[in-house]
Amino acid sequence: MRSYTRLMMRYGRGLAGLTVLALALSSISPAEAAPGGVASALSVTKVAQKKATKKKPAKKKKKGKDTCAADDGPCFLDLGTKLFKEGKLPEARAALEKAYELTKSPKALRLVGECHRLEQRFPEAYETYERLNTELGDILTPKEKQDVELMLNVLDLLTGQLEMHVDEAGATVNIDGADVGTSPFKKPVRVGVGNHKVKVTQGSAPPLEIEADVKAQQKLAVYARFNPGPNKKAIE
């Protein structure tokens, strides 16, 4: 895993530096985001030098496999990496998730996170990098842990959270057309910055709906009451 801390030296530390870095990392291409490509992607000087340098004829590479045996983790990792570099992000993500399931490779899970980020699925990217810490923290190097923490800080600037408080257990919460779980929730639901449609359903009761405008790093509470008391709204 390449160090993102070098980028902090370029953009500066603190909130301002992280904000600039978040904007930069939200638009890096798959080839630039691949291992070894992040730092050069953000260096205008190096990019200019590359364009000015005469390109050498590319060596022919052996064609990788397009299919893998169901239990061949390394094959799925190679396939996912290849698809990632080609910019085929949904296909790459599927192969890399299978690779991680079979191998528990940090590289596979990191590239899953990068797929989400490049697809601008920032909440999913955050959760994936969070999994790197919780599931593989024991085998990550100190530098890799530092890189993961930096990416979590950057992605935190591109997301917010909804704290769901529902007075009935087992109610289904749907955000922007996708079910995100049932009450009670153990932790807030991470969402992208902006407006979101929240719908809470429970059995045959009329659904409770509200629009929530979430700002960066905000933790916004939503209260859904199927049995509202006096002077209480059903949802707010």
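Residues numbered from 1 in each chain as written. Predicted model: local features only at pLDDT ≥ 70, side-chain atom pairs only at ≥ 80, totals over all residues. Heavy atoms only, no water.

Caption draft 1: Inspection of the confidence of the model for the protein at higher detail. Mean pLDDT for the protein: 85, with 73% of residues reaching 70 or above. Overall, residues 38-49 carries pLDDT values under 50, and its contacts beyond four positions in sequence, including any with other chains, amount to 20 contacts. (pLDDT = per-residue confidence, 0-100. Contact = heavy atoms within 4.5 Å.)

Caption draft 2: Fine view of the sheet that holds strand E7 (residues 219-224). The strand order E4-E1-E7 describes an open sheet built from three strands, whose pairing is mixed. Two strands bound the open sheet, and with one partner strand each, they are strand E4 (189-192) and E7. When the angles between neighbouring strand axes are averaged without regard to direction, this sheet yields 35 degrees. In this structure, strand E1 (residues 159-166) lies alongside E7, joined through six bridges in parallel fashion. Each residue of the ladder has a partner; that of glutamate 163, found in E7, is alanine 221. Strand contacts of helix H9 (residues 122-136): E1 and E4, with the helix running at about 135 degrees to E4, the strand carrying the most contacts. (Pairing = 2+ DSSP bridges. Helix = DSSP H or I, 4+ residues; strand = E, 2+ residues; numbered from the N terminus. Axes fitted to C-alpha atoms, helices over the stretch in contact; angles between N-to-C directions.)

Caption draft 3: Geometry of helix H7 (residues 89-103). Its 15 residues give H7 an end-to-end C-alpha distance of 20 Å, which sits within 8% of 21 Å, the value for a rise of 1.5 Å per residue. Among all positions in H7, only Leu89, Ala92, Arg93, Ala95, Leu96, Ala99 and Tyr100 are buried. Remark: lysine 104 follows H7 within two positions and exhibits a positive phi of approximately 55 degrees. (Expected span 1.5 Å × (residues − 1). Buried < 20%, exposed > 50% of the residue type's maximum accessible area, 1.4 Å probe, protein only.)

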